[in-house]
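Structural features, examined
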Amino acid sequence: IDVKKGGGAKGGDGNDALKKRSNFKDTAYFNGHVMTDVQGHAKVQFALPDNITTWQLWMVGSTDDTYVGSEKIHMVARKDVFVETLIPQFLVEGDQVQVGGLIQNLTDKSVDGKVSLSVQQATISSANVEQNLSINATSKNTAYWTIDVPAKSTRVTFRYTFKNAQYEDVVEKTIPVYPYWTKQ
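Let me sum up the structure you'll find in this document. Computed from a prediction, not measured in an experiment: that's the story for all the values here.

This part covers the nonpolar core. Residues Leu-91, Ile-147 and Phe-158 are the most contacted members of the largest nonpolar core, which totals 25 residues. Listing elements by their share of this core, those giving two or more residues are strand 4 (81-86), strand 6 (96-105), strand 7 (111-120), strand 9 (130-135), strand 10 (139-148), strand 11 (155-163) and strand 12 (168-178).

What follows concerns unusual backbone geometry. Of note, the phi angle at Gln-121 is positive, near 65°, even though the residue is not glycine. Turning to its location among the elements, Gln-121 is positioned in the loop between strand 7 and strand 8 (123-124). A positive phi angle is found at Thr-138, which is not glycine, with a value near 45°. Looking at the secondary structure, you find Thr-138 in the loop between strand 9 and strand 10. The exposure class of Thr-138 is exposed, given its relative accessible area of 62%.

In the structure shown here, the tally under the stated rule is three aromatic pairs. Measuring from centroid to centroid gives 5.4 Å for Phe-90 and Tyr-178, while their planes differ by 55°, and the two rings are tilted. In this pair, Phe-90 sits in the loop between strand 4 and strand 5 (91-92) while Tyr-178 sits in strand 12, placing the two residues 88 residues apart along the sequence. Classification of Phe-90 by relative accessible area gives partly exposed; the value is 43%.

Rules used in this analysis
Residues numbered from 1 in each chain as written. Predicted model: local features only at pLDDT ≥ 70, side-chain atom pairs only at ≥ 80, totals over all residues. Heavy atoms only, no water. Core = buried A, V, L, I, M, F, W, Y, C linked by side-chain atoms within 4.5 Å. Buried < 20%, exposed > 50% of the residue type's maximum accessible area, 1.4 Å probe, protein only. Helix = DSSP H or I, 4+ residues; strand = E, 2+ residues; numbered from the N terminus. Phe/Tyr/Trp six-rings, centres within 6.5 Å; stacked < 30°, edge-to-face > 60°.

Next comes the structure, spelled out in C-alpha cells:
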C-alpha cells in the first residue's frame with residue numbers, strides 16, 4: 001500500500017473557497033474485484049464524497065491458492081472552517097421546525113463571518129435569514145432558523161452558506177416531505 005502523506009495544505013490545496021458540498025455518502029468506493037500485477041500491486045482511483053470525516057480504507061486480498069492479506073488505513077477529509085447541517089431526516093406537510101447550522105472552527109484563531117440559509121419548497125419564518133457569527137478558536141457556534149413546510153411539498157432543499165474574507169463553505173442537502181395522512 002502506497003499512500004502519500006503530507007504535502008499541500010490542510011483542506012486540499014489550502015483554498016477553502018467555493019465548492020458546494022452536496023455529495024454525502026457512507027461508502028466512498030467499493031470494488032470487489034481488483035487485479036494486481038505480478039508483484040501483487042494494484043492501483044485504484046476514486047473521488048471522495050463531500051463528508052467531513054475520517055475515512056477508513058480497508059483492503060483485502062487473496063490468491064488462487066488461498067493466501068489472504070489485509071490492510072486498514074485512515075484518511076481525514078476536512079476543512080478548517082465548515083458547516084454541519086442540523087436538520088431532520090424527513091419532514092411532514094404542515095411542519096414548522098427549527099433547523100440549525102453548526103459552524104465548526106478547527107483553526108487556532110477566532111473566526112467571524114456570516115451564515116445564511118436558503119430553502120426550496122418551504123419558507124423561512126425567522127427574521128434573520130443571514131446571521132453574523134463569531135466562532136472562537138477550535139470551537140463551534142450555531143445559528144438557528146424556523147421553517148414552515150407547506151402542503152403539497154415533496155422535498156425540501158436546504159442550502160447553508162458560511163462566508164468571510166478567508167473561508168467559505170456551502171452545504172446543500174435535500175430531505176423528503178411526507179403527506180400528513182396514512183394509507184388505509
